[in-house]
Number of protein chains: 2
Amino acid sequence: MRARVHVTLKSGVLDPQGKAIQHALEALGFGGVDAVRQGKVIEIDLAETDAGKARVVVEDMCRQLLANTVIENYAVEIAD
Amino acid sequence: MRARVHVTLKSGVLDPQGKAIQHALEALGFGGVDAVRQGKVIEIDLAETDAGKARVVVEDMCRQLLANTVIENYAVEIAD
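Below is a short write-up of the structure. (Residues numbered from 1 in each chain as written. Chains lettered and ligands numbered in written order. Predicted model: local features only at pLDDT ≥ 70, side-chain atom pairs only at ≥ 80, totals over all residues. Heavy atoms only, no water.)

**Section: the pattern of salt bridges**
All names here are of chain B. For the structure shown, the criterion picks out 10 salt bridges over all chains. Notably, a salt bridge pairs Glu-72 with Lys-40, separated by 3.9 Å at the nearest N-O pair. Taken together, the positions of Glu-72 in strand E3 (residues 72-79) and Lys-40 in strand E2 (residues 33-46) put the pair 32 residues apart, joining distant regions of the chain. What makes Glu-72 buried here is its relative accessible area of 13%. Judged by relative accessible area, which is 28%, Lys-40 ranks as partly exposed. (Salt bridge = Lys/Arg side-chain N within 4 Å of Asp/Glu carboxyl O. Helix = DSSP H or I, 4+ residues; strand = E, 2+ residues; numbered from the N terminus. Buried < 20%, exposed > 50% of the residue type's maximum accessible area, 1.4 Å probe, protein only.)

**Regarding the pairing of strand E1 (residues 2-9) of chain B**
Bridge count between E1 of chain B and E2 of chain B: six bridges; the pairing is antiparallel. Residue pairing across strands places Ala-3 of chain B opposite Ile-44 of chain B, the latter belonging to E2 of chain B. (Pairing = 2+ DSSP bridges.)

**What to know about the relation of the copies chain B and chain A**
Turning chain B through 180° and shifting it by 0.0 Å along the axis lays it on chain A, with an RMSD of 0.0 Å. In short, the pair behaves as if placed about a two-fold rotation axis. Nearest to the rotation axis, the C-alpha of Lys-40 of chain B is located 2.3 Å from it, this being the minimum over chain B. With an isologous cut-off of 70% or more, the 100% of interface residues of chain B that recur at the interface of chain A puts this contact in the isologous class. (Least-squares fit on C-alpha atoms with pLDDT ≥ 70 in both. Contact = heavy atoms within 4.5 Å.)

**Observations concerning the sheet that holds strand E3 (residues 72-79) of chain A**
Pairing within the open sheet is antiparallel, and its six strands lie in the order E3(A)-E1(A)-E2(A)-E2(B)-E1(B)-E3(B). In this open sheet, the two strands that pair with only one neighbour each are E3 of chain A together with E3 of chain B. This sheet shows a mean twist of 20° between the axes of neighbouring strands, independent of strand direction. Pairing of strand E1 (residues 2-9) of chain A with E3 of chain A, which is carried by eight bridges, proceeds in the antiparallel orientation. Opposite Thr-8 of chain A, over in E3 of chain A, you have Asn-73 of chain A as the bridge partner. Along the sheet face, helix H2 (residues 51-66) of chain A touches E1, strand E2 (33-46) and E3 of chain A together with E2 of chain B and points at about 155° away from the line of E3 of chain A. Sheet contacts for helix H1 (residues 16-27) of chain B: E2 of chain A together with E2 of chain B; angle to E2 of chain B, the most-contacted strand, approximately 125°. (Axes fitted to C-alpha atoms, helices over the stretch in contact; angles between N-to-C directions.)

Encoded structure:
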């Protein structure tokens, strides 16, 4: 079973990587870019075969390791 | 219009960040983790209102800046 976790900065937290990308896109001539935010995506292959149990385990992983919940949000998707 | 770009390492390319996460999860006592891969997610707010045109522009951004197509794959999602 595969889980995909998105870790993104909370709104209001400064995102210098996103700003750098936005400026680089403008320098390359791409207009109409209002905002850019960068986050992480983590794909985890699990031995667990029950989707509900897998989600509980992965949310625990997010809180303990994958996300800094002071400044980051996380979202878990369980794929087959 | 918002675009979300996933940039992930091609299969076969070594992913030391993913390996580090896998080992850290094991050290925390999470069993049954077969593999971990880490990638980037980039959210772009565009002034463009046509989904088709937005996709073309964002794919161009991926090729020019967001992804290193030698070692990385990209996937573009256009949300409303």
